Amino acid sequence: MCEVYGVFVKVSEYMKFFFYILFIVIITFIQFEGSAQKTIVKGLITDELTKETIPFVNISFLNTSIGTITDTNGNFHLETDLLVDSLLISYIGYESQKIKIENRTITELDINLKLVDMALDEITIFAGENPALRIIRNIQKNKKKNNSEKLEYFQCNVYNKLQLDLSNINDKFQKRKAFNKFQFVFDLKDSSEVLGKTYLPVFISENYSQYYYQKRPERKKEIIIANKISGIENKSYSEFTGQMYIDINMYNNYIDVFGKQFVSPFSNNGLMVYKYFLEDSSFINNKWCYNITYKPKRKQERTFYGNFWVNDSTWAIVKVNARISKDANINYVKDLILEHEFDLFFDSVWFKTKDKLLVDINLLNKTQGLFGRKLTIYKNLKLNRQDSANLFSSNQLNEAIVIDTIPDDDISYWNSVRPEKLSEKEEQIYQMVDSVKNVPIFRTFTDIIYLLAYGYYTHKKIEYGPYFKTFSFNPIEGSRFRIGGRTSNAFSTNLMLYGHLAYGTKDKRFKYGLGTLYMINKNPRFTIDLYYENDLSLLGQSVNAFSEDNILASILAIRPNDNLLNLERYRVLLEKEWFTGFSNTLRLFYGTLLPSEKIPFKNSTNNESWNNLVASEVSFKTRFAFNEKVLSGEFERVSLGTKFPIIDIDLTIGLKDVLNSDFEYYRASFKITQAIDVGLLGYFKYAIGIGKIWGELPFPLLYLHEGNETYALDDYAYNLLSYYELGSDFYQSIYLEHKFQGLLFNKIPLFRKLKWRETVQMKVLNGSITEKNKQVWDFPQSLSEIDKPYVEVGVGIENIFKLIRIDAMWRLTNREKDNIQKFGIKAKLQFIF
């Protein structure tokens, strides 16, 4: 399992923005009752006789275009800055009502609708099909024709405005002492017209870009011409506020919402998932259209409810409103609303003209959270193909480039590209963010959060830590005390120095390490990393495991770890990224490994022993992740993933007699991994690996397969395998995992409320050791070759309290040894939507 703190994004510029948001969120708790500057009406609509709630009722302010519909539970919320005095309620089959309201107040209503009393002649009713279903089938049949991605090529200009707000702000909160120097912030407080919550804007960004699309081969490209962001200095963040990363196509079968797949109302499987109702018909932009409402057939599934207008001749969507189901199995997202508008261009092409997105996120119920809202306007659509030879990237499906040639203070330019002028409060957000960052209490707060998240405390040009390695314990060192640190961005944004010093109370030895990382180039990435270390090491440890000097590794250990060996090493890494997702790393390594009482270096047959093992290596690694997206800071980066396979190839040569090295050998490994989205069925992940060593080697230079002797779940280790248990010089491995995302539990009433999610996994390892490698040195007592394939399986439940995953695991083979784990319970913390 990786360092638990690694779930946070390790990019300092973005964390500064995150801390700014979190600073205000954490010390807020109570909701706000309302705002006296708007007319706000909210309430519930029911049937007068049955008292059942009525969904999808039309509510609007009289003589205005401002309106909404009730949700699936009959609730509504409506507000406006206009002077209004009446509310109009209408629904097919019920009498319409006009209700007087008081302007500039908050009004709560319980409205009873009365069925229309109509005297009808005798009629004969014949069984027939719901007329909405015929319309849905026509929409599905014409999806490819009406989807803009059917076009061979198009380009357009795109304006994006992204805003983040803190929600549920109250007067009591404003008066807290912590905010004595922040009262200017609350001048921007407002209330949401849709969600009925009070909010405080804290972030805003705008960009204007040229967007290009090509069907064959499929390519998308966005050139961000102008960009204006509050609170973040690193302009590389700009591409993530553009169209490329926040693009929703309702014609797709599934809509991605924070990594979860929601069924589109226009999905080919829509009739299996939704109920549809024909509500109205009318002219929209001189085209006759039908109005359809829809709602999910079953609870807890990842679906929407809402309505849409569809043209009666082309069956193209003209306008759609979608809101996620209240009980959808997704964490932290309390609400999400999508609005899309389309128009007909060149008499044959339906194309989006406007997108709106509103999302309400709360980490905890009844506390403050975040609103995210996005407005996108499309204009200047062109279908004539440009010379695409140099326009599109050959190695990226989706490419975003930030040129940002327009200054933020060029008011005339921004006014020319904005579809509508920013409000006075929106203009003030830019100034407010910079003001907050300069208040001392804010800077203190960000230092504390940074310490908790990364383990480092920043003081001017030095970051001290990580604190979770300050103290640990093991049988060899006893109590281990460690101090470490690295230079901060205030020291340099191109050069980072780092190191540590440790001492064990039992072995009474100092251990230490010192390194430097230099950024030769940042885009594309080109770095050199030099490191020297003399410390204890655990061979055969997963790259995802807790390091042995992490206090959690000590606390969560199943048994005391006395497998540590002293390693003195020199390492040089030269990493060159050719383009995003494709890189090579040249590694030079020289190390001296010392034996221990438990793990001696000897050959009993020849009655020989060795005081150390010296190795010199040159490695060349290739990594290819097509269309991968990454978030980059000054030194570190985080992968946002790719839907394509990720390939890793590692070639290593052991150089005998170079710096007194003992052995010549050649090592090659290949690994392919991929996470596959299978819609409502969840996610499937696989990893296939193979490795081979040529040469005559002692056991420390063989493949010592990754064990796990802690209670923590490790995706990259064999969780029931002990350290130094299985080795090989030729291996094959398979890892399979499927996350059902609640597919089964959602259908069981008790589990449905818990929102638990099911997982299954299997790991298989096969391999062998040549006879000559068995005879170089004696194997440790616990180590053996893989006589038969090692197999372990597990079933798990994740999303327990939204943070915990627990797996029950069984070892199916290689069960003959004593003191091994045949069954185990493993757990880990994870932040998932």
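Provided above is the structure to which this section pertains.
Residues numbered from 1 in each chain as written. Predicted model: local features only at pLDDT ≥ 70, side-chain atom pairs only at ≥ 80, totals over all residues. Heavy atoms only, no water.

Bringing the sheet that holds strand E7 (residues 106-113) into the picture now. Strands sit in the order E4-E1-E7 across an open sheet of 3 strands; the sheet is mixed. A strand with exactly one partner marks an edge of an open sheet, and here the two such strands are strand E4 (75-80) and E7. When the angles between neighbouring strand axes are averaged without regard to direction, this sheet yields 20°. Bridge count for strand E1 (residues 39-47) against E7 is 8 bridges, and the pairing is parallel. The residue of E7 that forms the bridge with Leu-44 is Asp-110. (Pairing = 2+ DSSP bridges. Helix = DSSP H or I, 4+ residues; strand = E, 2+ residues; numbered from the N terminus. Axes fitted to C-alpha atoms, helices over the stretch in contact; angles between N-to-C directions.)

Take the sheet that holds strand E43 (residues 784-785) next. Spatial strand order, E39-E40-E43: 3 strands in an open sheet with mixed pairing. The open sheet has two edge strands with one neighbour each: strand E39 (703-704) and E43. Direction of pairing for E39 relative to strand E40 (residues 726-728): antiparallel, over a ladder of 2 bridges. The partner of Tyr-703 across the bridge, within E40, is Ser-728.

Bringing the pattern of salt bridges into the picture now. Under the defined criterion, the tally for this structure stands at 36 salt bridges. As a salt-bridge pair, Lys-326 and Asp-335 come within 3.2 Å of each other at their nearest N and O atoms. Residue Lys-326 is classed as partly exposed on the basis of its relative accessible area, which comes to 39%. Among the residues examined, Asp-335 registers a relative accessible area of 4% and is labelled buried. The salt bridge partner of Lys-522 is Glu-634, with a shortest N-O separation of 2.4 Å. Placement of the pair is Lys-522 in strand E27 (residues 510-522) and Glu-634 in the loop between strand E34 (629-632) and strand E35 (637-641), with a sequence separation of 112 residues. Take Lys-522: its relative accessible area is 30%, and that puts it in the partly exposed class. (Salt bridge = Lys/Arg side-chain N within 4 Å of Asp/Glu carboxyl O. Buried < 20%, exposed > 50% of the residue type's maximum accessible area, 1.4 Å probe, protein only.)

A word on the packing of aromatic side chains. Enumeration over the complete set of coordinates arrives at 40 aromatic pairs. Considering the side-chain rings of Tyr-413 and Trp-414, the 6.2 Å spacing of their centres and the 85° angle between planes classify their relative orientation as edge-to-face. For the residue pair Tyr-413 and Trp-414, the accessibility class agrees, reading buried in each case. Among the aromatic side chains, those forming a connected cluster through ring pairs are Tyr-251, Phe-266, Tyr-274, Tyr-276, Tyr-294, Phe-308 and Phe-342. The ring of Trp-578 carries Lys-576 above its face, with NZ or CZ at 5.3 Å from the centroid. Across from the ring centre of Tyr-735, 4.9 Å away, lies the NZ or CZ of Lys-763, which sits over that ring. (Phe/Tyr/Trp six-rings, centres within 6.5 Å; stacked < 30°, edge-to-face > 60°. Lys NZ or Arg CZ within 6 Å of the ring centre and 35° of its normal.)

Ranked by internal contacts, the top residues of the largest apolar core, which has 41 residues, are Phe-304, Phe-308, Ile-317 and Leu-336. The biggest single contributor to this core is strand E17 (residues 317-324), with 5 residues. In terms of nonpolar packing, the next biggest core, distinct from the first, is built from 36 residues, Leu-539, Leu-697, Leu-713 and Leu-783 among them. (Core = buried A, V, L, I, M, F, W, Y, C linked by side-chain atoms within 4.5 Å.)

Let us now look at the environment of Val-543. Take Val-543: it is sitting in the loop between strand E28 (525-537) and helix H9 (551-555). On the accessibility criterion, Val-543 (81% relative accessible area) is exposed. As a C-alpha pair, Val-543 and Asp-714 span 171 residues in sequence and 9.6 Å in three-dimensional space.

Sheet topology note: the strand E26 (residues 495-504)/E27 ladder contains 9 bridges and is antiparallel. By the bridge assignment, Leu-501 is partnered in E27 with Tyr-512. Following E26, the chain reverses through 5 residues before pairing antiparallel with E27; Lys-508 in that reversal takes a positive phi of roughly 50°. One ladder, built from 10 bridges, connects E27 with E28; its direction is antiparallel. When the sheet's bridge partners are listed, Met-519 is paired in E28 with Thr-527. Here E27 hands over to E28 after 2 residues, the two strands then running antiparallel side by side.

Everything listed here is a matter of geometry and, on its own, says nothing about what the molecule does.
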